[in-house]
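A closer look at the structure
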Amino acid sequence: MEKAAGSPAVGGSYPQKNAEILSSQYGINLFLAGLLLTFAWAVHAVGISKSHLLSYLITLMLIQLLWMLWYLCRSCTQRRLIRDKDTHAGARWLKCGITLFAVITLILDSFKIGYYIDFSNCLSPTEGIFPVTHAVHTILQVYFLWCHAKDVIQSFKTLERFGVIHSVFTNLLLWTNGVLTESKHQLNEHKERLITLGFGNITIVLDDHAPQCNCTTTTLCSIFSQGIYYLYPFNIEYHILASTMLYVLWKNIGRKVEHHQQNKTPFKFHGITVGMIFGLIVLTSTIAIVVVYLIQIGGSKIKSELALTMFYLHAIFVLALMCTAGIVALLIYRLEDRSLDNSKNPARKLDAELLVGTAAGSWLLSWGSILAIICAQAHPKYTWYNLPYSVLVIIEKYIQNLFIIESIHREQEKVNDDIKTLRIVTISRGSTLSLTPLYKEIYNGRATRDTGEVPCLFKGSVCGRGNDGAGVAKEETSQDNTSVMHSASDFSIYSRNSVTNNKRRILKNIAAFLFLCNLSLWIPPAFGCRPEYDNGLEEIVFGFEPWIIVVNLAMPFSIFYRMHSAASLFEVNCKT
């Protein structure tokens, strides 16, 4: 009977497992087809134009729009049903972040529409349809993620798996398209700057996809074309964040969720003043460095070398501070005895995998720079700063990954249930016993400190009230004998809590500092400050085209790492 009863459950899991495998294979093939089409357009393959690529992306977005509308309509009709939710997925701060990036993406789409109108005589209609479709797709997708990112889908599971995985890879293809377009623009600017550094032996051929006709309004065309490339970093982050949130939704389909109350961990500025001040100093100085770098680089050989030297020195200082902060945090963790939360959590697992996976992009570039410095025959003075910079990039990411991954896996500190039941009793000579505030007040350092009062803790029960008459004398004698012991116990507990609070405060300041530092280090590569391009030494050792391919492949992961690390550190700060 037990075997018969158990067999349907076992057999019933196979269709869902097959659906998961089939949907993932569908998504991978969808992505590979789009990736090949994108590559063909990038290398000017015969018979492949930009309109073919945009038509493919428009089709994918329209299919996703139909699925999201169907899901939203079905959710409205079943509003009264109680749905399982993954409390760890789709955090509010993450939704706010993706909304901010989406708003800037809508501005980007409006610029593209304006650009198409000005060049409408020689552009394909798909270049006008694409930004309109993308704007509608962005609005509906953000609404969908706000309302349903936490859903644990239990009905129409096979269909929903295909719909969600389609959405994941659609966003990944849109991310790839944005990365490629932005990289081609950066590469053209880089080629124009190489001559100023004295690398005239490198052939400069601009990869130009500009329209072959005149603009109707020159001023607006210049604003639109320049503005588009400054907005692309936000569009790129929007799509990668959307794909990660949708991937967690896909992993949660059919999952059995344990129903337990999750402690809310709101972000508070209290207690992180030091970390915020130092972090804001780093952020402000980084913005200033980027502005000066972009102005100086390409002006002349001397200015370019000074800009590179300035960038390396600033980055070395910031990375050294980040390494020190990460080591201090790890040492504090080693001094604590707290267990790790090993429960199944798709969002947390994805966070850890993305941290290590995307860090490989920076590590690849750093090892390439180290090898180029070792093998190069001539070494301009500024290239020697690249060596400690590259080494620190490797070490800093290694330490930071350890800190973040351990932080998100640590269980939140809980006060012992026995201690919660204790009561503080004030003992005053010649007076009856009075019940004072709960232990929580002692824990927070708000216990009464009146002269002549000695707090005492009683395990297991609350102190009884004094007896009248002769019993009072005996009670006072026994209480006098034990008051010193209880007082010592109180101070011991208070001391331990004080140490714990100090550690917690240090960790919160470190998380806040690293959060702002990662935002600071996201800004330079995202907005065109890329010494891997402008250094020139790697291109001599490895060759121009091979090194540019390595940079274009690794840089998007390096940029995403900083933003993802900042998001993870924000969560660490809230949990600490």
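The preceding data block contains the structure.
Since this is a predicted model, take the numbers as computed values, not measurements.

**Overview of the packing of aromatic side chains**
The tally for this structure, following the rule as stated, stands at 20 aromatic pairs. Taking 5.4 Å as the distance between ring centres and 65 degrees as the angle between the ring planes, the aromatic pair formed by Phe111 and Phe224 counts as edge-to-face. In this pair, Phe111 sits in helix H3 (residues 92–118) while Phe224 sits in helix H6 (residues 218–251), placing the two residues 113 residues apart along the sequence. What makes Phe224 buried here is its relative accessible area of 15%. Among the aromatic residues, those joined into a cluster by ring pairs are Phe101, Phe234, Trp522 and Phe527. Sitting over the face of the ring of Trp41, Lys184 holds its NZ or CZ atom 5.6 Å from the ring centroid.

**Here we look at the packing of helix H10 (residues 386–409) against helix H16 (residues 544–575)**
Interhelical geometry of H10 versus H16 gives an angle of 40 degrees and a closest axis separation of 10 Å. Here H16 runs oblique to H10, going by the angle between their axes. When you trace H10 past H16, the crossing you get is left-handed. From H10, Glu396, Lys397, Gln400, Asn401, Phe403, Ile404, Ser407 and Ile408 reach across to H16, where they touch Tyr561, Arg562, Ser565, Ser568, Leu569, Val572 and Lys575.

**Observations concerning unusual backbone geometry**
One non-glycine residue, His44, lies in the positive phi region at around 60 degrees. On the secondary structure map, His44 appears in the loop between helix H1 (2–42) and helix H2 (50–77). Classification of His44 by relative accessible area gives partly exposed; the value is 45%.

About the cut-offs
- Residues numbered from 1 in each chain as written.
- Predicted model: local features only at pLDDT ≥ 70, side-chain atom pairs only at ≥ 80, totals over all residues.
- Heavy atoms only, no water.
- Phe/Tyr/Trp six-rings, centres within 6.5 Å; stacked < 30°, edge-to-face > 60°.
- Helix = DSSP H or I, 4+ residues; strand = E, 2+ residues; numbered from the N terminus.
- Buried < 20%, exposed > 50% of the residue type's maximum accessible area, 1.4 Å probe, protein only.
- Lys NZ or Arg CZ within 6 Å of the ring centre and 35° of its normal.
- Axes fitted to C-alpha atoms, helices over the stretch in contact; angles between N-to-C directions.
- Parallel < 35°, antiparallel > 145°, perpendicular 65-115°, else oblique.
- Left-handed = near helix turned anticlockwise from the far one by under 90°.
- Contact = heavy atoms within 4.5 Å.

This is a description of form; function is not addressed.
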